[in-house]
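# Close look at the chain arrangement
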Amino acid sequence: MMNLRAPRHPSISYRPIQPTDLDVLVKIHGDLFPIRYEIEFFHNVVHGHDIVSWGAVDRNRPNGESDELIGFVTARIIMAKESEIEDMLRYDKSRSDQALVYILTLGVVESYRNFGIATSLIREVIKYGSSMPNCRAVYLHVISYNNSAIHLYQKMSFLCVRRLNSFYFINGQHYDAYLFIYYVNGGRSPCSPLELVTLLVTYMRRGLKLVSSRVWKKGEKNVGPKRVKYRDKVLFHFHHLNLV
């Protein structure tokens with residue numbers, strides 16, 4: 001793994017990845033990730049072919065290395081209707097231009113970690129997605145054992161919406177993945193937490209009214225068996241809510 005020594009006071013700046021970064025980008029990916037990427041992927045990154053990217057550099061590095069990558073993030077624009085998370089979005093499906101930004105790779109060399117570089121790179125992606133009026137979310141997958149990455153995305157208000165069994169196949173072994181989403185430009189899930197709470201309160205109010213009505217009728221007519229039907233009805237509604 002690359003073991004670039006970070007100066008005591010690094011001066012981190014961010015810029016688009018460019019063709020001169022090709023060799024370093026390939027090496028860092030090889031050092032950081034167990035998955036091997038085709039050289040075509042790296043050419044697409046450095047030339048901006050269907051991929052947007054940002055690189056981190058340390059302007060305080062000596063010996064002419066002040067513009068050499070020490071971190072990166074790559075992403076691709078995907079049409080919402082063609083994505084795997086279409087069911088996790090509420091958007092105007094009559095508009096074919098609704099888009100998402102999918103984060104492909106994110107990495108920082110080991111000696112430059114804990115400087116907030118990964119956070120800043122993700123913010124660049126969020127800012128980019130937010131600047132596109134038709135973009136509704138930024139999303140990504142993270143392998144289930146990468147606790148530091150999971151904590152980072154949670155800290156940055158990404159929502160963990162799904163666990164995907166055996167999503168990755170690495171060195172002959174399957175690994176699960178988590179799907180994280182960050183909604184932008186008014187994008188949201190088909191049923192937001194607020195809507196769930198509102199719906200739950202509505203059902204509870206209806207339930208209380210039914211209870212009051214049936215208790216009053218029982219006291220007046222001394223009829224009890226209908227309560228069983230009410231309980232079955234309430235259980236059905238709550239079960240249905242849990243499936244949403």
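Residues numbered from 1 in each chain as written. Predicted model: local features only at pLDDT ≥ 70, side-chain atom pairs only at ≥ 80, totals over all residues. Heavy atoms only, no water.

Turning our attention to the sheet that holds strand β1 (residues 12-15). Taking strand neighbours across the sheet as the criterion, the seven strands line up as β1-β2-β3-β4-β5-β7-β6 in an open arrangement whose pairing is mixed. Looking at strand neighbours, the two that pair on one side only are β1 and β6 (159-170), the edges of this open sheet. The sheet shows a mean angle of 25° between the axes of neighbouring strands, direction not considered. Bridge analysis of strand β5 (residues 135-143) against strand β7 (residues 173-183) gives seven bridges, and the strand direction is antiparallel. Bridge pairing links L140 to F180 in β7. Of the strands in this sheet, β1, β2 (52-58), β3 (69-79), β4 (99-108), β5 and β7 are in contact with helix α3 (residues 117-131), which crosses β4 at around 165°. (Pairing = 2+ DSSP bridges. Helix = DSSP H or I, 4+ residues; strand = E, 2+ residues; numbered from the N terminus. Axes fitted to C-alpha atoms, helices over the stretch in contact; angles between N-to-C directions. Contact = heavy atoms within 4.5 Å.)

Looking now at helix α2 (residues 39-47). Along an α-helix, residues three or four apart share an orientation, since each turn contains 3.6 residues. Those residues of α2 lying buried are F41, F42, N44, V45 and V46. Those residues of α2 that are buried lie in contact with α1 (22-32), β2, β3 and β4. (Buried < 20%, exposed > 50% of the residue type's maximum accessible area, 1.4 Å probe, protein only.)

All right, on to the packing of α1 against α2 then. At their nearest, the axes of α1 and α2 sit 10 Å apart, and the two run at 130° to each other. As summarised for this structure, α1 and α2 are arranged oblique, according to the angle between their axes. Where α1 crosses over α2, the handedness of that crossing is right-handed. Along its contact with α1, which presents L22, L25, V26 and H29, the element α2 presents I39, F41, F42, H43, V45 and V46. (Parallel < 35°, antiparallel > 145°, perpendicular 65-115°, else oblique. Left-handed = near helix turned anticlockwise from the far one by under 90°.)

Bringing the pattern of salt bridges into the picture now. Tallied over the entire structure, the rule returns eight salt bridges. Between R15 and D21 there is a salt bridge, and its shortest N-O distance comes to 2.8 Å. What makes R15 buried here is its relative accessible area of 9%. Looking at D21, the relative accessible area reads 4%, which means it is buried. (Salt bridge = Lys/Arg side-chain N within 4 Å of Asp/Glu carboxyl O.)

To continue, consider the pairing of β6. Two strands pair when backbone bridges link them, and β6 and β7 are joined in this way by eight bridges, in the antiparallel orientation. Residue pairing in the sheet places R162 in a bridge with L179 of β7. Turn length for the β6-β7 hairpin, with the two strands adjacent in sequence and antiparallel, is two residues, and the turn residue N171 shows positive phi of about 50°.

With that settled, the discussion passes to the confidence of the model for the chain. Per-residue pLDDT for the chain has a mean of 81; in total, 72% of the residues score no lower than 70. Low pLDDT, under 50, characterises residues 223-244; the stretch is placed with 15 contacts to residues that sit more than four places away or in other chains. (pLDDT = per-residue confidence, 0-100.)

Right, let's talk about the packing of aromatic side chains for a bit. Using the criterion set out here, one finds 13 aromatic pairs in the structure. Seen in terms of ring centroids, F158 and Y182 are 5.3 Å apart; in terms of plane orientation they differ by 50°. Their pairing is tilted. Of this pair, F158 sits in the loop between α4 (147-155) and β6 while Y182 sits in strand β7, placing them 24 residues apart in sequence. Since its relative accessible area comes to 4%, F158 is described here as buried. According to the relative accessible area criterion, Y182 is partly exposed, its value standing at 24%. With centroids separated by 4.9 Å and ring planes inclined at 85°, the aromatic side chains of F167 and Y168 adopt a geometry described as edge-to-face. Site record: aromatic cluster; members linked through ring pairs are F33, Y37, F41, F42 and F72. (Phe/Tyr/Trp six-rings, centres within 6.5 Å; stacked < 30°, edge-to-face > 60°.)

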